[in-house]
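# Observations on the three-dimensional arrangement
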There are 2 protein chains.
Amino acid sequence: MPILNAFYAQSGGVTSVINASACGVIETARKHPDRIGNVYAGRNGIIGALTEELIDTGAEPAEAIAALRSTPSGAFGSCRYKLKSLEKNRREYERLIEVFKAHGIGYFFYNGGGDSADTCFKVSQLSQSLGYPLQAIHVPKTIDNDLPLTDCCPGFGSVAKYVAVSTLEASFDVRSMAATSTKVFVLEVMGRHAGWIAAAGGLVADHGIPVVVLFPEIEFDKARFLARIDELVKQHGYCSVVVSEGCHYPDGTFLAEQGTRDAFGHAQLGGAAPVVAQMVKEALGHKFHWAVADYLQRAARHIASATDVKQAYELGQRAVELALEGRNAVMPTIERTSDAPYAYRIGSAPLDAVANVEKPMPRDFISEDGWGITDKCRRYLLPLIEGEDYPAYRNGLPVYATLRNVAVPRKLPAFELA
Amino acid sequence: MPILNAFYAQSGGVTSVINASACGVIETARKHPDRIGNVYAGRNGIIGALTEELIDTGAEPAEAIAALRSTPSGAFGSCRYKLKSLEKNRREYERLIEVFKAHGIGYFFYNGGGDSADTCFKVSQLSQSLGYPLQAIHVPKTIDNDLPLTDCCPGFGSVAKYVAVSTLEASFDVRSMAATSTKVFVLEVMGRHAGWIAAAGGLVADHGIPVVVLFPEIEFDKARFLARIDELVKQHGYCSVVVSEGCHYPDGTFLAEQGTRDAFGHAQLGGAAPVVAQMVKEALGHKFHWAVADYLQRAARHIASATDVKQAYELGQRAVELALEGRNAVMPTIERTSDAPYAYRIGSAPLDAVANVEKPMPRDFISEDGWGITDKCRRYLLPLIEGEDYPAYRNGLPVYATLRNVAVPRKLPAFELA
């Protein structure tokens, strides 16, 4: 068997555990020096492959690579750059193959969501049609949890844990204050198309917290919502609201787009949480507080789920093993075999069945009244937020790795991005 | 010595460690059954004393009281209710004494910030003039860190740790995304009058993060700010901004009040972060993300500072000891004796010197250019965020205590709040 190099890149929005997958890929590759020469990472994702900006991960000591396991974000840079279709921009795919050929790359590991799975699939096909042998393996990653054929996606469990913990803590706070002050707390979370992340906020109901979850799957009905808040505040003295950024009216208008304009007449810059909070204030007169978690939720490695970290690593590891087993155009997956005690095995799925397919949240994960989650959803979520995997700390702050990111010398002429 | 009961109440905005002070008070009181009979907590702070809604903490088992040490929020309820001056509302102070007399209360522990210290002082004075012996001890608490005569205030260190950790994590995120997407991340933090909390965000500069801190102490200059952001993004490719909710223009207008109105013409509901983010977008064209931490920061017991938790407990403990030593109208304080290695002792300060005095952040804690913190500030902050004190977890979520809060039978006629 020839010794070939591997390419690895991070794509799309980063997470608190995508580097754990990188760690799994690189550490596993290093265990097979008879098959894999070096792992070259794309600087800023696939762009690095197109522009031949490769990072020599071989220049990093084992401790630096190991530290990736507990470092949030994308250590090599990610990108929001979707390769066009083969028909529209064959030039880019051909350039990828050229770069891979120039650097002796025979393994292509792409770490991302649905769009990336599509790219990865196309790369695998093109390598065949161009007669360049390349094994393309997709490593799943997305906080949106919307990839098909895998029980869950690395990144999601940690966001879910962050949202559940934060909702619980802030709910305790508002409960303390409600007698004379704040009665309603609103937390906005990510998830434009699906309510997976918002659903995690619904877990605090098990802790006696009156909570209303606003899902993108349930069309927003202001009158019903206000009646529900009124009911909960009358009953408990306070309540919490977890609103997905994707929550919208029946006509598709997002709550965040409602009405507010700045001094220049520009639509307000977002924030479903302040809109919901103001609504409650105007209709019911309750004092409110609101928070928008934004990047904090997906970067919160300090409260990552141990299950999520472990799976992110294992899927990176398994991606390399699949490549060494001669597989191509596949993605390692999580196959759940039991909810409690939680058990799963690592499987794999063909990329053509993964690419461009979004897994919606099942309707029976949302309670009939639309304000919370069902037992089925709870059974699904609980194992994913299980366990803590704390980073090391120094001087009060987590020790997160910043790699040297040494450039691999270029061998090809420059390339202009489309 | 007669056995007297103690009263304990939580006042103002709660924190992630105010219950650790409650734990210190109650556990210490329980060690002196020869002097202290029971600790009655005010339901919803001082209001519980006025309305004779007392909670029998003696009904809680030792484990429940111990669990307070790692539970955020106010276990007995807090309140935003400022007693008026003695002259204006002597009736309320007299009622307090009546309730204390009815329940054999000889010790008054009030856990709060500057306003509460004032109330505590007045109670101590009135008990003397009314001939009812009561020892009033104030237990300091405020995330604003603005009490005088103590090196720091319980609650602050944990918020500072949360803000520093969150800023570090989100900055790693934006650094990953900057090549093709978000270049500026803005985090809004609490601190209307002083920049203590925002300053904690400045700690990430030690980790190579380009960060701009917007303090309430420094009048906001839009042109200078935009020039600074432009400079940092050109140099590093991205930057983070930590903006205090108290950041304002020279005329005193808060950034959060700038210009935005909803469909009804109401001033926008707040958020300095979106205002700053929009400013950057309009002037420099950078894609941005913003977060508002709000309650999440002060409730984040999951990432509390071990130093802060320890001090919160010790100050509660010392408050009881001071009472047993016969002291009145005092507050236990933190006296720092060394920055590194960090060392402190517990002292005490007379309440008349604490009440109504705000400790500003020294100007020499802010860098000359106004965008960050000085070494002096760093030396001050680092010990306060040192150490982690993780709560226990069950099913992926922290185990936080909800007490039974059993009511003490009433002995007096009802009382109408003013």
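Residues numbered from 1 in each chain as written. Chains lettered and ligands numbered in written order. Predicted model: local features only at pLDDT ≥ 70, side-chain atom pairs only at ≥ 80, totals over all residues.

Below, the discussion takes up the overall build of chain A. Counting its secondary structure elements, chain A contains 13 helices and 13 strands. Overall size of chain A, expressed as C-alpha extent along the three principal axes, is 70 × 45 × 40 Å. Across chain A, contacts joining residues at least 24 apart in sequence account for 76% of those joining residues at least 6 apart. (Helix = DSSP H or I, 4+ residues; strand = E, 2+ residues; numbered from the N terminus. Contact = placed C-beta atoms within 7 Å.)

A separate point is the relation of the copies chain A and chain B. Laying chain A over chain B is done by rotating through 180° and shifting 0.0 Å along the axis; what remains is an RMSD of 0.0 Å. Here the symmetry operator amounts to a two-fold rotation axis. Proximity to the rotation axis, assessed at the C-alpha, singles out A:Val292 in chain A; its C-alpha lies 2.5 Å from the axis. Of the interface residues in chain A, 100% have counterparts in chain B that sit at the interface too, so the contact is made through matching surfaces. (Least-squares fit on C-alpha atoms with pLDDT ≥ 70 in both.)

Moving on, we come to the interface of chain A and chain B. With 68 residues of chain A at the contact, the number on the chain B side is 68 residues. Contributions of two or more residues to the side of chain A that touches chain B are made by helix H6 (156-177), helix H9 (272-284), strand E9 (288-292), helix H10 (295-299) and strand E13 (397-398) of chain A. Considering every element that reaches the side of chain A that touches chain B, the biggest residue donor is H6(A), with 13 residues.

Here A:Ala340 and A:Pro341 are connected by a cis peptide whose omega angle stands at 0°. Mapped onto the fold, A:Pro341 is located in the loop between strand E10 (330-338) and strand E11 (343-350). For B:Asn44, which is not a glycine, the phi torsion comes out positive at approximately 60°. Summarising the element assignment, B:Asn44 is placed in the loop between strand E2 (36-42) and helix H2 (46-50).

Glancing now at the UniProt feature "binding site: diphosphate" (unreviewed entry) in chain A. Residue and element names in this part refer to chain A. Within this structure's numbering, the places UniProt gives as "binding site: diphosphate" (unreviewed entry) are Gly 13. Its place among the elements puts Gly 13 in the loop between strand E1 (4-10) and helix H1 (18-30). The class of Gly 13 is buried, set by 24 C-beta atoms lying within 10 Å. Every residue in contact with Gly 13, bar those within four places of it in the chain, is listed here: Ile 143 and Arg 298. (UniProt positions renumbered as here; feature names shortened; annotations may be inferred. Buried ≥ 20, exposed ≤ 12 C-beta atoms within 10 Å, placed from the backbone.)

Residue and element names in this part refer to chain A. In this structure, E10 lies alongside E11, joined through eight bridges in antiparallel fashion. Each residue of the ladder has a partner; that of Glu 335, found in E11, is Arg 345. Remark: four residues form the turn of the hairpin made by E10 and E11, two consecutive strands paired antiparallel. (Pairing = 2+ DSSP bridges.)

Quick look at helix H8 (residues 222-236) of chain A now. Residue and element names in this part refer to chain A. Over its 15 residues, H8 runs 21 Å from end to end, which matches the ideal 21 Å to within 8%, given 1.5 Å per residue. Of the residues making up H8, those classed as buried are Phe 225, Ile 229 and Leu 232. Across the axial projection of H8, the buried residues extend over an arc of 70°, all falling on one side. In H8, the exposed positions angled more than 90 degrees off the buried face are occupied by Ala 223, Lys 234 and Gln 235. Buried residues in H8 make contact with strand E6 (184-189), strand E7 (211-214), strand E8 (239-244) and H9. Immediately beyond the C-terminal end of H8, within one or two residues, lies Gly 237, with a positive phi of roughly 90°. (Expected span 1.5 Å × (residues − 1). Arc of directions from axis to C-beta.)

A few words on the domain arrangement of chain A. How big an interface is tends to be stated in terms of accessible area lost as the parts join. Considered domain by domain, chain A is made up of domain 1 (4-142 + 305-357 + 390-398) and domain 2 (156-299). Each partner contributes residues to the interface: domain 1 of chain A has nine residues there, and domain 2 of chain A has five residues. (Domains from an automatic or database assignment.)

Residue and element names in this part refer to chain A. The N-to-C vectors of helix H4 (residues 90-102) and helix H5 (residues 114-129) enclose an angle of 70°; their axes lie 10 Å apart at closest approach. In terms of orientation, H4 lies roughly perpendicular with respect to H5. Only Lys 122, Val 123, Leu 126 and Ser 127 of H5 make contact with H4, whose side of the interface consists of Tyr 93, Leu 96 and Ile 97. (Axes fitted to C-alpha atoms, helices over the stretch in contact; angles between N-to-C directions. Parallel < 35°, antiparallel > 145°, perpendicular 65-115°, else oblique.)

Counted at 1.5 Å a residue, the expected span for helix H4 (residues 90-102) of chain B with its 13 residues is 18 Å, and the 18 Å between its end C-alpha atoms agrees. Close packing links the buried residues of H4(B) with strand E1 (4-10), H2, strand E4 (105-112) and helix H5 (114-129) of chain B.

What follows covers the confidence of the model for chain A. The predicted coordinates ought not to be read in detail in places where the model reports low pLDDT. Averaged over chain A, the pLDDT score is 94; the fraction of residues at 70 or greater is 97%. Across the interface, the model reports ipTM at 0.97; the global pTM reads 0.97. (pLDDT = per-residue confidence, 0-100.)

Residue and element names in this part refer to chain B. Turning to its location among the elements, Thr 71 is positioned in the loop between helix H3 (62-67) and H4. Residue classification places Thr 71 among the buried residues on the basis of 26 C-beta atoms within 10 Å. The spacing of Thr 71 and His 103 is 32 residues in sequence and 28 Å in space, taken between C-alpha atoms. Sequence-distant contacts of Thr 71, defined by excluding residues within four places in its chain, comprise Asn 19, Arg 301, Tyr 400 and Ala 401.

Residues and elements named next belong to chain B. Here helix H8 (residues 222-236) crosses helix H9 (residues 272-284) at 70°, and the two axes come no closer than 11 Å. With respect to H9, the element H8 is oriented roughly perpendicular. Contact residues: Lys 222, Leu 226, Ile 229 and Asp 230 in H8; Met 279, Val 280, Ala 283 and Leu 284 in H9. Looking at the contact of H8 with H9 residue by residue, the classes come out as six nonpolar, no polar and two charged. (Nonpolar A, V, L, I, M, F, W, Y, C, P; charged D, E, K, R; others polar.)

This brings us to the environment of A:Glu335. Residues and elements named next belong to chain A. Secondary-structure assignment places Glu 335 in strand E10. Owing to 14 C-beta atoms within 10 Å, Glu 335 belongs among the partly exposed residues under this scheme. With ten residues separating them in the primary sequence, Glu 335 and Arg 345 have C-alpha atoms 5.3 Å apart.

Here we come to the pairing of E6(A). Every other side chain in a regular strand lies on the same face of the sheet, so the side chains alternate between the two faces. All names here are of chain A. The element E6 is extensively covered by neighbouring structure, given that six of its six residues are classed as buried. Burial along E6 is two-sided: Val 184, Val 186 and Glu 188 facing one way and Phe 185, Leu 187 and Val 189 facing the other are all buried. Where E6 and E8 come together, six bridges link them in parallel fashion. When the bridges of E8 are listed, Phe 185 appears paired with Ser 240.

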